Amino acid sequence: MTPGILHDRRSDAQSAAEVSNAASGTHPRGVSPKVGATADSGERGRISTYPARLVYVDRITPEDAHVPDLTHVLRERDLYRRLLDLGAQDELDPFLHEALGLFVDLAGARRGYLELQDEGGDHDAPRFWIARGCSEGEVADIRATLSQGVIAEAIATRTTIATASALEDPRFRNRASVRKNRIEAILCAPIGVDPPLGVLYLQERLQPGSFTDEDVQRAETFARHVAALADRLLIRRRRREESDPTLPFRSKLRVDGLIGRSAAMARLLQEVAVVAPRDVAVLLTGASGTGKTQLARVIHDNGPRSAGPFVELNCAALPETLLESELFGALPGAHSTAARKIEGKVAAAERGTLFLDEIGELPLAAQAKLLQLLQSKEYFPLGGNRVVKADVRVIAATNVDLKAAVTSRKFREDLRYRLQVIPIRVPSLAERREDIAALAAYFCARACETYDLPQLRLSPGARRAAEAAEWPGNVRELEHAIQAAALRAAGDGLVQIERRHVFPEGAGEIQSPVVERLTFQQATRRFQKQLLLDTLEETGWNVTETANLLDIARAHVYNLIRAFGIERQR
């Protein structure tokens, strides 16, 4: 076996059972726990020990193949470690997400769901719920069974319900949700006793067959640990929500994807609540990477056109020669590439919302046609002589100063007035620094789900470092940094993201005669700023030529100028 493995002469299953007993507060007959007992040299940490040594493995190698079910034992160990650590946690969400994920994997389940309620709470508004391996529709189906079926019986009888096939079980086979989803094996354990505070629910197994007796025991142990701390954690959550300035607006809007409870976020949501239900044009301003596209979707989803399409067009992503036909459509022969009729984005957004990102990059010819669309709800496709009626709402976004663009005759003043019926400025991440921790945790969880990584969380050091760092690329830069950090941490075989994963040092670091030590990101930003400044000076501040030399979009040049605070010396 590899160095660092402590192997018991008894079976691995028996050793794992002792870890389970330790987590549930029971011990084998005649055996008392010994905390901090001395082990053989080479031992690498342990939780608590008995006279017989527990299996504790750092990694699995081909030489360990003779150890039966070693991976399963390790997963069980990790689960009970999380449960033992649960009492020290201040934040309910990330810790239970990780614990539920470990339990679902250990039981070999396809889907897992956990819900907590306040005593006497309304089942239509749970205080807390998390799901693993479930789509939104599947979560809705599971929640629909809270008042009937499997979950209802587990809550009513205060006992764990397990069945090999809900389709064949006479108690549940006539339920519509069971027949609709062809539900087979299920396991449901109530959390708490008098009355139950919630449920732990597993649905279907990756392998044929029912959940085992060991799965039932683990589910009940899991539920006991969550129940012991649920009241305290729910009280903390309630207090936090009561001090959350965004809560009044979140209760009225569908804004699940907008993370943060800062005052800046509350002001933003207040403006969204005013503008969303009104069918008027909206102009979103703010630095690149602040989430303007996401906010446009929120406005659409909470507006009168939510049932219609949301169509996006980045005005800086297309050549000027194609932008007009892409926006308004083109008839056959209108230009060299129009061999057939082209439906534009305006037509595609009929009865919905047209989102024009980087509106400041729209050519003047297209600006005139867009102005006509906003004024009369009519437009002409390229090459056409018949007017076309349009029923669309226009939301535009820009990270440039349109007032300055009007002064330099790059943007029409009348169009600017038409667009900004209600302007909304999206705050930078520097203005909502208190949201960084929540955003980082959200991006971490999403990265684990996207790339099928083990459940990871940020270490306190990584979280503090992220909160203290400068993020000129705003939320987008933070998201990419956390995404990369999750991949690095998973590659190292760790269960949490450390500071070095978020801010890697050494690799690619620029050698400098200055003694100052820079992080990789600091050195990269310094290099980018100097390269951009040198190129701008070389081209006499011709942004188009600078973009061509650096092989980036003009809009990105403007973004970098603002992000680095570069000003032209007069």
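Our subject is the structure that appears above.
Residues numbered from 1 in each chain as written. Predicted model: local features only at pLDDT ≥ 70, side-chain atom pairs only at ≥ 80, totals over all residues. Heavy atoms only, no water.

Turning to the overall build of the chain, a few remarks are in order. Helix and strand counts for the chain stand at 22 helices and 14 strands. Counting over 570 residues, the chain shows a buried share of 46%. Contacts in the chain between residues far apart in sequence, at least 24 positions, make up 62% of those at least 6 positions apart. (Helix = DSSP H or I, 4+ residues; strand = E, 2+ residues; numbered from the N terminus. Buried < 20%, exposed > 50% of the residue type's maximum accessible area, 1.4 Å probe, protein only. Contact = heavy atoms within 4.5 Å.)

Judged by pairing direction, the sheet is antiparallel, and its 5 strands sit side by side in the order β2-β1-β5-β4-β3 without closing on themselves. Each of the sheet's edge strands pairs with one partner strand only, and the pair in question is β2 (128-132) and β3 (161-163). Within the sheet, the average angular offset between the axes of one strand and its neighbour, ignoring direction, is 5°. Note that strand β4 (residues 186-191) and strand β5 (residues 198-205) share 6 bridges and pair antiparallel. Bridge pairing links cysteine 188 to tyrosine 201 in β5. (Pairing = 2+ DSSP bridges. Axes fitted to C-alpha atoms, helices over the stretch in contact; angles between N-to-C directions.)

What follows concerns the sheet that holds strand β8 (residues 353-357). Either a parallel or an antiparallel arrangement is found when strands of a sheet pair, and the pairing is made through backbone hydrogen bonds. Within the open sheet, the 5 strands sit side by side as β7-β8-β11-β6-β12. Their pairing is parallel. With partners counted over all chains shown, the strands left at the sheet margins are β7 (310-314) and β12 (422-425), one partner each. Between one strand axis and the next, the sheet turns by 20° as a mean value, whatever way the strands run. Two strands pair when backbone bridges link them, and strand β6 (residues 282-285) and β12 are joined in this way by 4 bridges, in the parallel orientation. The residue bridging valine 282 from the neighbouring strand is isoleucine 422, located in β12.

This part takes up unusual backbone geometry. At glutamate 204, a position not held by glycine, the phi torsion is positive, near 65°. Position of glutamate 204 relative to the elements: it lies in strand β5. Phi angles above zero are rare outside glycine, and glutamate 358 is one such case at about 55°. Following the sequence through the fold, glutamate 358 ends up in the loop between β8 and α13 (364-376). Using a relative accessible area of 12% as the deciding quantity, one classes glutamate 358 as buried.

Next up on the list: the packing of aromatic side chains. According to the stated counting rule, one finds 5 aromatic pairs in the structure shown. For the ring pair phenylalanine 310 and phenylalanine 355, a centre distance of 6.0 Å and an interplane angle of 20° mean the geometry is stacked. In this pair, phenylalanine 310 sits in strand β7 while phenylalanine 355 sits in strand β8, placing the two residues 45 residues apart along the sequence. On the basis of relative accessibility, which here comes to 0%, the residue phenylalanine 355 falls in the buried class. (Phe/Tyr/Trp six-rings, centres within 6.5 Å; stacked < 30°, edge-to-face > 60°.)

Counted by the stated rule, this structure contains 0 disulfides. Left without a disulfide partner, cysteine 448 is nearest to the cysteine sulfur of cysteine 444, which lies 4.4 Å away. (Disulfide = S-S within 2.5 Å.)

Time to look at the packing of helix α9 (residues 263-275) against helix α10 (residues 292-301). Remark: α9 packs on α10, axes separated minimally by 9 Å, with the N-to-C direction vectors making an angle of 40°. Here α9 is positioned oblique relative to α10, judged by the angle of their axes. α10 is crossed by α9, and the crossing has right-handed handedness. Together, Leu268, Val272 and Val275 of α9 and Leu295, Val298 and Ile299 of α10 make up the contact between the two elements. Among the residues forming the contact of α9 with α10, the class breakdown is 6 nonpolar, no polar and no charged. (Parallel < 35°, antiparallel > 145°, perpendicular 65-115°, else oblique. Left-handed = near helix turned anticlockwise from the far one by under 90°. Nonpolar A, V, L, I, M, F, W, Y, C, P; charged D, E, K, R; others polar.)

Our next topic: α9. Taking 1.5 Å per residue as the helical rise, α9 with its 13 residues ought to reach 18 Å, and the 19 Å between its terminal C-alpha atoms agrees with that figure. For α9, every residue scored as buried is listed here: Ala264, Met265, Ala266, Leu268, Leu269, Val272 and Val275. Taken together, the buried residues of α9 touch α8 (247-250), β6, α10, β11 (393-398) and β12. (Expected span 1.5 Å × (residues − 1).)

Within β5, 8 of the 8 residues are buried, which leaves the element mostly enclosed by the surrounding structure. Pairing between strand β1 (residues 109-116) and β5: 7 bridges, direction antiparallel. Bridge pairing in β5 links glutamate 115 to valine 199.

Close approach of charged atoms lets side chains of opposite charge pair. Evaluation of the coordinates by the stated rule reveals 15 salt bridges. Across the pair glutamate 378 and lysine 389 runs a salt bridge whose closest N-O atoms are separated by 2.6 Å. You can see glutamate 378 sitting in strand β9 (residues 378-379) and its partner lysine 389 sitting in strand β10 (residues 388-389), a full 11 residues away along the chain. For arginine 432, the salt bridge is made with aspartate 435, and the minimal N-O distance between the two is 3.0 Å. Its relative accessible area of 5% is what places arginine 432 among the buried residues. Residue classification places aspartate 435 among the buried residues on the basis of a relative accessible area of 2%. Connected through salt bridges with shared partners, the residues Asp279, Arg305 and Asp391 form a single ionic network. (Salt bridge = Lys/Arg side-chain N within 4 Å of Asp/Glu carboxyl O.)

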